[in-house]
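# Structural overview
The chain contents come next:
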Amino acid sequence: MADKKNNRKNNRNNDEDYNPRFRKTRKKVCPLCADKNLKLDYKNAEQLKKFINDKGKILPRRATGACAIHQRDITLAVKRARQIAVLPYTQE
Ligand SMILES: [Zn+2]
């Protein structure tokens, strides 16, 4: 969290025109829609690690870029993975 704040501060200092309301954002494409062959597997920790942060929390849609349908699938898969101890509930 602290890192994020610092980055934002640095950006503001470097770029005089910085305005968070009109920040240029590239439209994220849902990783599961983009690759039809990609199948979520709750036993595959490496795959699911992309959707959790370093604390083990599930990332929001704005971070994963997933569509509503697939974000639900991701959430379900991560929760199942936690249940069978493939992923941690918390870290540090
Ligand atoms: Zn999708």
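Keep in mind it's a predicted model, so treat the numbers as computed, not measured.

Along the polypeptide, Lys-55 turns up in the loop between α3 (45–48) and α4 (61–64). In the structure, Lys-55 is positioned 36 residues away from Gln-91 in sequence and 4.8 Å away in space, judged by C-alpha atoms. Once you skip the residues sitting within four places of it in the chain, Lys-55 turns out to touch Thr-90 and Gln-91.

Bringing unusual backbone geometry into the picture now. Most peptide bonds are trans, and most residues other than glycine sit at a negative phi. Of note in the backbone geometry, Ala-85 takes a positive phi value of approximately 65° without being a glycine. Following the sequence through the fold, Ala-85 ends up in the segment after α5 (68–83).

Below, the discussion takes up the nonpolar core. Residues Leu-48, Phe-51, Ile-52, Ala-66, Ile-74, Ala-77, Val-78, Ala-81 and Leu-87 constitute the largest nonpolar core, which totals 9 residues. Here this core gets 4 residues from one element, more than from any other, and that element is α5. Every residue in contact with Val-78, bar those within four places of it in the chain, is listed here: Leu-48, Phe-51, Ile-52, Ile-58 and Leu-87.

Attention shifts here to α5. Each full turn of the α-helix corresponds to 3.6 residues, which orients residues three or four apart in the same direction. For α5, spanning 16 residues, the distance from its first C-alpha to its last is 23 Å, which sits close to the expected 22 Å at 1.5 Å a residue. Taken as a whole, α5 has its buried residues at Ile-74, Ala-77, Val-78 and Ala-81. Mapping the buried residues of α5 onto a view down its axis gives an arc of 100°, with all of them on the same face. Exposed side of α5, more than 90 degrees from the buried face: Ala-68, Ile-69, Arg-72, Leu-76 and Gln-83 are the residues found there.

Now for the confidence of the model for the protein. Mean pLDDT over the protein stands at 84; residues scoring 70 or higher make up 79%. When pLDDT is averaged over each helix and strand of the protein, the minimum, 56, is found for helix α1 (residues 2–14) and the maximum, 96, for α5.

Residue placement: Gln-71 occurs in helix α5. In this structure, the C-alpha to C-alpha distance between Gln-71 and Leu-59, residues 12 residues apart in sequence, is 9.4 Å. Filtering out sequence-adjacent residues up to four positions away, Gln-71 remains in contact with Arg-61, Thr-64 and Ala-66.

Cut-offs and rules
- For every chain, the first residue of the written sequence is number 1, and numbering continues from 1 onward in sequence order.
- Residue-level local features of this predicted model are given only where pLDDT is at least 70; pairs of side-chain atoms are given and counted only at 80 or more, and the full residue set underlies all totals for whole chains, interfaces and linings.
- Starting at the N terminus, helices and strands are each numbered in turn, a helix being any DSSP run of H or I of at least four residues and a strand any DSSP run of E of at least two.
- It is the C-beta atoms, placed from the backbone, that decide contacts: two residues are in contact if theirs lie within 7 Å.
- By definition, a nonpolar core groups buried Ala, Val, Leu, Ile, Met, Phe, Trp, Tyr and Cys residues that connect through C-beta atoms lying within 7 Å of each other.
- Think of it as a crowd count around each C-beta: if 20 or more other C-beta atoms lie within 10 Å the residue is buried, if 12 or fewer it is exposed, and in between it is partly exposed, with C-beta placed from the backbone throughout.
- A helix is expected to reach a length of 1.5 Å times the quantity of its residues less one.
- Arc definition: directions from the helix axis to the C-beta atoms.
- Looking at any residue, its pLDDT shows the predictor's confidence there, from 0 to 100.

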